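Listed below are the residues making up each chain.
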Amino acid sequence: MNPRSPRKRKQIDPIDKAIEVALSPGSFISYNASWSFVDDVQGVTNDIGKIVKKEPERAAHLYETFIAACHEKADEIDDSSGNFGMLVEDLFRGWIQARQAANDDPDETAKSLLSWMEDDPYGFCYDLDREVVKALNKKGLEAFVRQIRSKFESSPTQGDEEKRFSGYERRRWGGALKTLLAAQRNVDAYIALCEQTELEPKDCKVIADMHRSRRRLHDALAWVERGLEIARSATRSSFADHELAEMRRALLAKLGRPGDALQSAWSEFESHPSTFIYKELMRYVPAKEKNAWHQKAMETSEKGDLSSQIELWLDHKEYERLVSCLHRTTDDELENLSHYRTEPLAQKLERSHPDISARVYRALCMRIVNAGKSKYYDAALDNIDHAKKCYAKAGLKAEWEAVVADVRERHFRKKGFMAGFEDIVSGAPKYAEPPFLERAKARWPRKSGGR
């Protein structure tokens, strides 16, 4: 080769360049801009996905570049929402699919995944095991199980003062291994692993689910019962506890014990009457007995908490029961309820019971104002405006005047709210800004000298 002749430069993949352009190296991405930024970057991810079948090796290399580039970009983006992290998880799944399409060594794939999980400064790979099981084929999953099992078995089994995080390491790799074994549906290995770690209700649910998928219903029920027994001795409940209770009832029904399933649902409803558990209860009630059980459930729900009662009684049009309860409810109790419960309540009773609706709208307003949440003052003003109308409709002039006096006394310093509040009290007309197109068209005469 002539030493004076120019060397051939390695051709840059156009998608490599697109990755760089999309990630805007050197530019900080604020929280407000992060969603649109990730949407734009996602377009490049989609382009790589289109070539996986025809050019799997090229796609795998592009995914590797992309994953590494996202780690380079991590310090330049406010990823409070986790949206950018989810993008990285998508890239890992795409990378696995590309390597599998190229028939690459599954052990090397597993080692690379483990390497990223061990060196994870930005937390992108914190739950990577849960994501990769969605993409790994049988051989890939077996290889990953071997790698994670090796990490678990090499983790210290007891406290070590010199290794502060030894317990964490064992829990971490043990949890990851459970995720993979569950994906393999390897019930024996999962049970054996639980014998080496702490058996939790969620483990019992996983094991029961694997038995159920193999139609081993009695074995599944035994593990559900075991999980519930553990849950009863725990200091706090978890979502797995509710799932176990649901699974138990479903298994009882399949095993020809519908009466036991019904009794289980009724016991739970008696303890915690709510819309969710009511639906669960009625699932096991014989068709001819539904009306009687409904009445029984509604009477029992009188012992529940106010928030659950509102949702349940609204859903089943138990208005008399609801109104009677609300007449006994104080303003403070209404203010303590979530707006998710009270907004539909106020709207539903506005015509039939404006006196109660007025109090609920007032509570919605005061919940915001008392907390000083100035960015929600517009909503507070809208609620107090509705309250004023409902007080008037119900003929409760004195009660409305008492609300006005109370707000003026306690919140006069909140200028951002009080100006709008006084407009509502005085009945000042609201200024309605003209629609966008009307404002736009109004500019033309000004520009053309009024023609």
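Structure shown above.
On a predicted model such as this, the values are computed, not experimentally measured, just so you know.

Novice: Quick one: what's the story with the layout of surface pockets, residue by residue and with numbers?
Specialist: Vacant regions in the atomic arrangement are exposed by a probe of water-molecule size rolled over the atoms. Considering only enclosed or pocket space, the largest pocket measures out at about 720 Å³ in volume. Lining the largest pocket are 24 residues; nearest its centre among them are Arg 130, Arg 171, Gly 175, Ala 176 and Lys 202. For the lining of the largest pocket, the elements supplying multiple residues, two or more each, are helix H6 (128-132), helix H8 (166-184), helix H9 (187-196) and helix H10 (201-213). Ranked by residue count, the leading element in the lining of the largest pocket is H8, at 11 residues. A class-by-class count of the residues in the lining of the largest pocket yields seven nonpolar, six polar and 11 charged.

Novice: A description of the packing of helix H12 (residues 239-254) against helix H13 (residues 258-271) should follow, citing residues and the corresponding values.
Specialist: Across the interface, H12 lies against H13 with an axial gap of 7 Å and an inter-helix angle of 155 degrees. One element, H12, and the other, H13, form an angle in the roughly antiparallel class. Seen from above, H12 lies across H13 with left-handed handedness. Contact residues: His 242, Ala 245, Arg 248, Arg 249, Leu 252 and Ala 253 in H12; Pro 258, Asp 260, Ala 261, Ser 264, Ala 265 and Glu 268 in H13.

Novice: Explain H13 to me, using residue names and the numbers behind them.
Specialist: For the α-helix, the turn length of 3.6 residues means that residues three or four positions removed from each other point alike. The terminal C-alpha atoms of H13, which comprises 14 residues, lie 20 Å apart, in line with the 20 Å expected from a rise of 1.5 Å per residue. Looking at the buried positions of H13, the neighbouring elements they touch are H12, helix H14 (275-283), helix H15 (290-300) and helix H16 (306-315).

Novice: Tell me about helix H20 (residues 354-371), and please be specific about residues and values.
Specialist: A rise of 1.5 Å per residue sets the reference length of H20, with its 18 residues, at 26 Å; its end C-alpha atoms lie 26 Å apart and thus fit the reference within 8%. Once H20 ends, the next one or two residues include Gly 372, with phi positive near 65 degrees.

Novice: Mind laying out the pattern of salt bridges, listing which residues take part and the relevant values?
Specialist: In the structure shown here, the tally under the stated rule is 30 salt bridges. When the shortest N-O distance is used, the salt bridge between Asp 209 and Arg 185 registers 3.6 Å. Of the two residues, Asp 209 sits in helix H10 while Arg 185 sits in the loop between H8 and H9, which places them 24 residues apart along the sequence. A residue is classified by how much of its surface remains accessible, and Asp 209, at 24% relative accessible area, is partly exposed. The partly exposed category is assigned to Arg 185, whose relative accessible area is 31%. Its salt-bridge partner being Arg 321, residue Glu 318 comes within 3.2 Å of it at the nearest N-O pair.

Definitions and cut-offs
Residues numbered from 1 in each chain as written. Predicted model: local features only at pLDDT ≥ 70, side-chain atom pairs only at ≥ 80, totals over all residues. Heavy atoms only, no water. 1 Å grid on protein atoms, 1.4 Å probe; cavity = no way out; pocket = protein on both sides within 12 Å on 5 of 7 lines; lining within 4 Å. Points joined across faces, edges and corners; volume = space filled by probe spheres on them. Helix = DSSP H or I, 4+ residues; strand = E, 2+ residues; numbered from the N terminus. Nonpolar A, V, L, I, M, F, W, Y, C, P; charged D, E, K, R; others polar. Axes fitted to C-alpha atoms, helices over the stretch in contact; angles between N-to-C directions. Parallel < 35°, antiparallel > 145°, perpendicular 65-115°, else oblique. Left-handed = near helix turned anticlockwise from the far one by under 90°. Contact = heavy atoms within 4.5 Å. Expected span 1.5 Å × (residues − 1). Salt bridge = Lys/Arg side-chain N within 4 Å of Asp/Glu carboxyl O. Buried < 20%, exposed > 50% of the residue type's maximum accessible area, 1.4 Å probe, protein only.

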